[in-house]
Each structure stands twice: as structure tokens, then as C-alpha cells.
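Results of the structural survey
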Amino acid sequence: MARNGRIAGFVAAAVLTLAAGALAQRGGRGGFGGGFGGGGFGGGCIGSAEGELPTLPSLGEFHFIRMEYTDLPNHHRGFGAASRTARGNGWWVVDWPDADFHFSEGVKRLTRVGTGAPLHMGLTDDRIFDNPWIYATQVGWWDLSKAEVARLHEYLLRGGFLVVDDFWSQDPDSWPVFQNTMARAMPGQPITELAESDSVLHVLYDIKDKDRTWIPGSRHLRCIGDSVELVQPAGTSPAWFGVYDDKNRMVVAVNYNTDVGDAWEFADSPKYPEKMTELAYRYGIDYIIYAMTPVVLPSAAGAESSLVARPGRVRYRRTMGQGC
């Protein structure tokens, strides 16, 4: 990962080139999206991918980090399609790699954030501390170990940011699983519904209550000739939540009863609703800029720390002692 000492002014320089009108345009509509997607697994209402996945540099200021995890035993997902271009094992792999590459390509085109190739790793991988933003899907079915929860706790308190997505009230056990994990990782910090005034919704794009609409997965689309009908799962209502640290800084963003990842995955498809992809990019980019805003954290008791500049943020490196 590229590293340098830039701190002040990063966010302002990073985002001045965003253009709302350019978001999520597909091939055939001009601008964003034409010519990436990858060939492979396809079919259904959406159809096959329309091109190759974009090529991104191995080093960057921002990498889309997808969290690997083990499934709960009673919800294990066997080997199967992850997206139209890949197959894999486990719930963590859903929408990979298409969503990761499409969204990263959008960040590269629509901002001045130096965007590198997406990566995936487990929480116990030390490289996670070089990245301010991680993404996890289907978190109602994850089964984090004690070591993984401890690492997530440390990561969030050291300035990291977690986005969770695509888990649903249709499974009544999924929210308690996620809630219990957060209680272990961030004890004493409740999961609270986002207010329209929350800064994460206005760091770059203004996302208002009218924009908090359901973002469908491909499984919710019904194609009738050239038209597409959206079928929202019965009994579900989209909601956005956050978990905050002791300084009232959001460290976890929760997309519930909505599928932002699919909107990224199918950004190349003319049949996926363009307005939904546009909204998904607005959410994602706001989360990134918020996560990459510099934060200075004090060292733990008994630890001597030196501030280490990371692209768009500050984290500390422990040189002595334990704790975070």
C-alpha cells in the first residue's frame, strides 16, 4: 500500500471531482460502467456480465477490503456462485469480485482517491491495519472467533471503519447474531438508527430521508420483456444504523434490509435500476470519505505510541505494552 505523510487537506483534495450526474451510467448510456464486469456465471433476469473486470493498480491510498469469515455451522454456505464471474465457499464471498471491482472503479473515476485493487482477508491478518475501511456481507450468519472479535475491537478503536450489508429481517435470527457480535466487539456501545443529520450522510453527498429507499438485490428483480419489476421481500423495511465509539465517531455503518453490494455488482447491467446504483455509490463514497478523515487516537495505558500517518487518516503504532 502506498504510504506518505499527507494528513491535512487530504479529504478536500480527494473529492472535488465528484459529479453526481456521472454516477452509475452503464454501457449504452455513456460514461461510467461500460466495459467492465467480467464474463462467466450469468443468466437470470440480469444476464451475463458485459465485459472484463477493470484493472486497478496493486498499490493505492484506498483498497476495498472484503472481510473473510467462517459461517455459523447451521448457516454454512457451500461452494457455489459468488457472482457472475466467480465461485467460492462461504457467505463472505457473496457478490465477490464484481461488486468490489465495480465499486473501486467508480471510486477511481469519481474521486481523486488513489484507488488500488480490491483485497480480501480475515480480521487476524495484520494488513487490516493498513486499511481504514472494510466491508462484510451477510453478517447475520457470520461466526467470529474470540480472536477475531478482539481484533475487530482493536481495529475500530484505532480508527478503522466497518460497513455491513445485505442481511435481512426475513431471518429473525440474523439481527440477534449481529447484535451479539457488536456487543462483544464494542461493549457498551449501542446500535442506533441514523438520523438525517448524521455527518456520515453529508460528508460529501447529502443523503436525506427521501433517499433511504430499499436497494434491491438481483433476486428481487422480475424481467417482463424489456421492463424490470422490483419485488420487495414481504415484511421488510430498509434501515440504516451506526455504532459509535466513546468520542461519538461512527465506526460501523449498517445497511439493513437492503442490498448495496448487488447495486455495485450489477453496475454494468442495463437491467439493474440505475437510480439504485447511483444511490449505492453515494452511500459507499460517503462511508469512504468519512472513514479516511484523519483521526488522532491516544495510546493505551502502559504503551508508548508514535503517530504514523496513513493516507487520509492517522493511526498509532504500539511500540511498547499491550492493549489498543
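Residues numbered from 1 in each chain as written. Predicted model: local features only at pLDDT ≥ 70, side-chain atom pairs only at ≥ 80, totals over all residues. Heavy atoms only, no water.

Glancing now at the packing of helix H2 (residues 98-110) against helix H6 (residues 274-291). In contact at an axis separation of 11 Å, H2 and H6 are set at 70 degrees when each is read in the N-to-C sense. The angle between H2 and H6 places the two elements in the roughly perpendicular class. Every residue of H6 that contacts H2 at His102, Phe103, Gly106, Val107 and Leu110 is listed here: Tyr281, Gly284, Ile285 and Ile288. Its residues assigned to classes, the contact of H2 with H6 comprises 6 nonpolar, 3 polar and no charged. (Axes fitted to C-alpha atoms, helices over the stretch in contact; angles between N-to-C directions. Helix = DSSP H or I, 4+ residues; strand = E, 2+ residues; numbered from the N terminus. Parallel < 35°, antiparallel > 145°, perpendicular 65-115°, else oblique. Contact = heavy atoms within 4.5 Å. Nonpolar A, V, L, I, M, F, W, Y, C, P; charged D, E, K, R; others polar.)

Moving on, we come to H6. Every α-helix carries 3.6 residues per turn, so stepping three or four residues along brings you back to the same face. With 18 residues, H6 extends 26 Å between its outermost C-alpha atoms, agreeing within 8% with the 26 Å of an ideal straight helix rising 1.5 Å per residue. Of all 18 residues in H6, 15 are buried; the element is thus mostly enclosed. (Expected span 1.5 Å × (residues − 1). Buried < 20%, exposed > 50% of the residue type's maximum accessible area, 1.4 Å probe, protein only.)

Once that is clear, we can look at the packing of helix H3 (residues 146-157) against helix H4 (residues 174-185). Between H3 and H4, the shortest axis-to-axis distance is 8 Å and the interhelical angle comes to 65 degrees. The element H3 and its partner H4 pack so that their crossing is right-handed. Seen from H3, the contacting residues are Lys146, Val149, Leu152 and His153; seen from H4, they are Met182, Arg184 and Ala185. Taken together, the residues of the contact of H3 with H4 break down into 4 nonpolar, 1 polar and 2 charged. (Left-handed = near helix turned anticlockwise from the far one by under 90°.)

Of all the 7 residues making up strand E11 (residues 250-256), 7 are buried; the element is thus mostly covered by neighbouring parts of the structure. Bridge count between strand E6 (residues 161-167) and E11: 4 bridges; the pairing is parallel. Each bridged residue has a counterpart across the sheet, and for Val163 the counterpart in E11 is Ala253. As paired strands, strand E10 (residues 239-244) and E11 are joined by 6 bridges and run antiparallel to one another. Paired with Phe241 across the bridge in E11 is Val254. (Pairing = 2+ DSSP bridges.)

With that out of the way, let us pick up the side chain of Asp211. Considering the arrangement of structural elements, one finds Asp211 in the loop between strand E7 (191-193) and strand E8 (221-224). Overall, Asp211 belongs to the buried group, its relative accessible area being 17%. Those residues in contact with Asp211 that sit more than four places away from it in its chain are Asp206, Leu279 and Tyr283.

Moving on, we get to the pattern of salt bridges. Under the criterion given, the structure shown has 13 salt bridges. Here Arg109 makes a salt bridge to Glu105, at a shortest N to O gap of 2.8 Å. Here Glu105 and Arg109 lie together in helix H2, a separation of 4 residues that amounts to about one turn. Look at Glu105 and you get buried, because its relative accessible area is 6%. With its nearest N and O atoms 4.0 Å apart, the salt bridge here joins Arg219 to Asp262. Highlighted residues: Arg219 in the loop between E7 and E8 and Asp262 in helix H5 (residues 260-265), separated in sequence by 43 residues. The exposure class of Arg219 is partly exposed, given its relative accessible area of 42%. Note on Asp262: relative accessible area 3%, which makes it buried. Bridged by salt links that share partners, the residues Asp126, Arg151, Glu154 and Arg158 form one connected network. (Salt bridge = Lys/Arg side-chain N within 4 Å of Asp/Glu carboxyl O.)

Two faces make up the sheet, and in a regular strand the side chains alternate between them. With 4 bridges connecting them, E8 and strand E9 (residues 227-230) associate as antiparallel partners. Bridge pairing in E9 places Cys223 opposite Val228.

A separate point is the packing of aromatic side chains. The description of an aromatic ring pair uses the distance of the two centres, along with the angle that the planes make with each other. Counted by the stated rule, this structure contains 26 aromatic pairs. Plain terms: the ring middles of Phe64 and Phe103 are 6.2 Å apart, the flat faces sit at 80 degrees to each other, and that makes the pair edge-to-face. On the criterion of sequence distance, the pair formed by Phe64 in the loop between helix H1 (10-15) and strand E1 (65-68) and Phe103 in helix H2 is long-range, its members being 39 residues apart. Each member of the pair, Phe64 as well as Phe103, carries the same accessibility label: buried. Arranged with centres 5.1 Å apart and planes meeting at 50 degrees, the rings of Trp175 and Phe241 form a pair that is tilted. Of this pair, Trp175 sits in helix H4 while Phe241 sits in strand E10, placing them 66 residues apart in sequence. Assigned by exposure class, Trp175 and Phe241 land together as buried. An aromatic cluster is defined as three or more aromatic residues linked by ring pairs; in this entry it consists of Phe62, Phe64, Phe103, Trp133, Tyr135, Trp264 and Tyr281. Taking the ring centre of Phe129 as reference, the NZ or CZ of Arg158 above it sits at 4.3 Å. (Phe/Tyr/Trp six-rings, centres within 6.5 Å; stacked < 30°, edge-to-face > 60°. Lys NZ or Arg CZ within 6 Å of the ring centre and 35° of its normal.)

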